[in-house]
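Structural overview for review
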Amino acid sequence: MKLDPAYILEARREVCRRSLADFARMAWHIVEPSQTYVHGRHIDVMCEVLEAVTRGEERRVLINVPPGTMKSLLVNVFWPMWEWGPMGLAHLRSIGVSHEQTLGVRDNLKCRRLLQSPWYRQLWPEVELTRDQAEKIKFENVSTGFREVATPSNITGRRGDRVAVDDPLSAENANSMAERERVNTWFREALPTRVNNPESSAIVVVMQRLHERDVSGVILELGGWTHIMLPMRFEAARACPLDWRTRDGELLFPERYPEHVVADLER
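Residues numbered from 1 in each chain as written. Predicted model: local features only at pLDDT ≥ 70, side-chain atom pairs only at ≥ 80, totals over all residues. Heavy atoms only, no water.

Concerning the overall build of the protein
The condition that has to hold: Labels follow the DSSP assignment, with helices taken as runs of H or I lasting at least four residues and strands as runs of E lasting at least two, numbered in each case from the N terminus. Atoms considered for the radius of gyration are the C-alpha atoms alone. The globule rule reads 2.2 Å times the number of residues to the power 0.38. When accessible area is computed with a 1.4 Å probe and restricted to protein chains, residues below 20% of their type maximum are described as buried, those above 50% as exposed, and intermediate ones as partly exposed. Should any heavy atoms of two residues lie within 4.5 Å, those residues are counted as being in contact.
Each helix and strand in the protein was counted, giving 9 helices and 8 strands. At 19 Å, the protein has a C-alpha radius of gyration in line with the 18 Å of a compact globule built from 267 residues. The C-alpha extent of the protein, read off along each of the three principal axes, is 55 × 45 × 35 Å. The buried share of the protein, reckoned over its 267 residues, is 51%. At a minimum sequence separation of 6, the contacts of the protein that also span at least 24 residues come to 72%.

Regarding the packing of aromatic side chains
The geometry of an aromatic ring pair comes down to the distance between the two centres and the angle between the two planes. Rules: Centres within 6.5 Å are what make two rings of Phe, Tyr or Trp a pair, Trp counting through its six-membered ring; a difference in plane orientation under 30 degrees is then read as stacked, over 60 as edge-to-face, and the rest as tilted.
Considering all chains together, one arrives at 10 aromatic pairs under this definition. Between Trp119 and Trp124, the ring centres sit 5.7 Å apart and the planes meet at 75 degrees, which makes this aromatic pair edge-to-face. Summarising the burial analysis for this pair, Trp119 and Trp124 share the class buried. Both rings, one in Phe187 and one in Trp225, keep their centres 5.8 Å apart while their planes meet at 45 degrees; by these two values the pair is tilted. On the criterion of sequence distance, the pair formed by Phe187 in helix H7 (residues 177–190) and Trp225 in the loop between helix H8 (215–222) and strand S8 (226–229) is long-range, its members being 38 residues apart. Residue Phe187 shares its accessibility class with Trp225, and that shared class is buried.

What about the pattern of salt bridges?
Put simply, the rule is: By convention in these notes, a salt bridge is any Lys or Arg side-chain nitrogen within 4 Å of a carboxyl oxygen on Asp or Glu.
What the rule picks out here adds up to 21 salt bridges. Arg17 is the salt-bridge partner of Glu14, the closest N and O atoms lying 2.7 Å from each other. Separated by 3 residues within a single helix, Glu14 and Arg17 lie in helix H1 (residues 5–18), roughly one turn from each other. Judged by relative accessible area, which is 23%, Glu14 ranks as partly exposed. Residue Arg17 is classed as partly exposed on the basis of its relative accessible area of 39%. We note a salt bridge from Arg247 to Glu250, for which the minimum N-O separation is 3.9 Å. Salt bridges here are not isolated pairs; linked through shared partners, they connect Glu14, Arg17 and Arg18.

A word on the nonpolar core
Test applied: Only buried residues count toward a nonpolar core, which is a set of Ala, Val, Leu, Ile, Met, Phe, Trp, Tyr and Cys residues joined through side-chain atoms within 4.5 Å.
Grouped together as the largest cluster of nonpolar side chains are 58 residues, with contacts concentrated most on Phe23, Leu74, Phe78, Leu114, Trp119 and Tyr120. Top element by residues in this core is helix H4 (residues 71–84). It accounts for 9 residues. Once residues within four sequence positions are removed from consideration, Trp119 is found in contact with Cys16, Phe23, Met26, Ala27, His29, Ile30, Leu114 and Trp124. By size, the runner-up hydrophobic cluster in this structure holds 22 residues, among which are Ala150, Ile155, Ala174 and Trp225.

Describing the environment of Met87
Topologically, Met87 is positioned in the loop between H4 and strand S2 (93–98). Leave out the neighbours within four places in its chain, and Met87 touches Arg17, Thr54 and Trp82.

Observations regarding the side chain of Asn64
For clarity, the threshold we go by: Here a polar contact is recorded for every N or O atom pair within 3.5 Å, except that within protein the pair must consist of a potential hydrogen donor and a potential acceptor, and residues adjacent in sequence are included only if both atoms are side-chain atoms.
Summarising the element assignment, Asn64 is placed in strand S1 (residues 60–64). Within polar-contact distance, the side chain of Asn64 engages the side chain of Ser216 at 2.9 Å. Residues in contact with Asn64, not counting those within four places in the same chain, are Met207, Arg209, Ser216, His227, Ile228, Met229 and Leu230.

Thoughts on the packing of H4 against helix H5 (residues 101–115)
The condition that has to hold: The axes are straight lines fitted to the C-alpha atoms, using for helices just the contacting stretch, and the angles between their N-to-C directions are given from 0 to 180°. Crossings are classed by handedness, with left-handed meaning an anticlockwise turn of the near helix from the far one by less than a right angle and right-handed meaning a clockwise turn. Classes in brief: Ala, Val, Leu, Ile, Met, Phe, Trp, Tyr, Cys and Pro nonpolar; Asp, Glu, Lys and Arg charged; the others, Gly included, polar.
Orientation of H4 relative to H5, taken along the N-to-C sense of each, is 35 degrees, at an axis distance of 10 Å. The crossing of H4 and H5 is right-handed. Here Ser72, Leu73, Asn76, Val77, Phe78, Pro80, Met81 and Trp84 of H4 come into contact with H5, specifically with Arg106, Asp107, Lys110, Cys111, Leu114 and Leu115. Class assignment for the residues of the contact of H4 with H5 results in 9 nonpolar, 2 polar and 3 charged.

Some points on the state of the cysteines
Defined simply, a disulfide is a covalent bond joining two cysteines at their sulfur atoms. Counted only if it meets this: Cysteine sulfurs are considered disulfide-paired once they come within 2.5 Å of each other.
Enumeration according to the criterion identifies 0 disulfides in this entry. For Cys111, which is in no disulfide, the shortest distance to another cysteine sulfur is to Cys47 and amounts to 14 Å. The cysteine Cys240 is free of any disulfide, with Cys47 supplying the nearest cysteine sulfur at 15 Å.

And the structure:
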């Protein structure tokens, strides 16, 4: 029996609407065409908390994961385009903040590539870019939603419904007290004013830990944030409630980082 093409499209839309993780898996070939998608359970955990943000159940989230675990792609590429398309929230305005603008531009280009792909256009044709604002740093859709990138030093004047902070401090500057405190002061004093609606807009910080006094350290000291901590090796004594692992030393992402690779990195 030949299935109706309209039925197939609707089924795909529904799968993507129900799961950010499935959306990321299905869209992967557009964003990273030369790399095979490798799934890990940590992706499901990160997607679960981002979905909670979309539902309005979370407003302040800190995610600590190691490098190479898809954090930037998930938070700054797949999630905003999932909200615009599958979730029908194309009016949302999103700002991606990183310590270096080129990193934000990299992710914005991937967002735009996904949005303009035949695959996305077929499933969500209502999400269209405006012709007068479709640049690498900022692009806008016909529902007045936009996606913009910034750094801690040039975010002044920008506001969003979602502010996604991805590694606000570089590894090179982590041991500089002056640089750490500069970024921490920005985080405490400037970032909270960069949201559209103080009651409903969300701030998500995703980063690797670099120092006890990095932005994550400031957040943990302040309290009041949902904290997702998934280290490369499991530590039962300080495990996150959403961490599925049970044995000390159990790996986070063995599908991509098996024991011998992690051991090499540790050495």
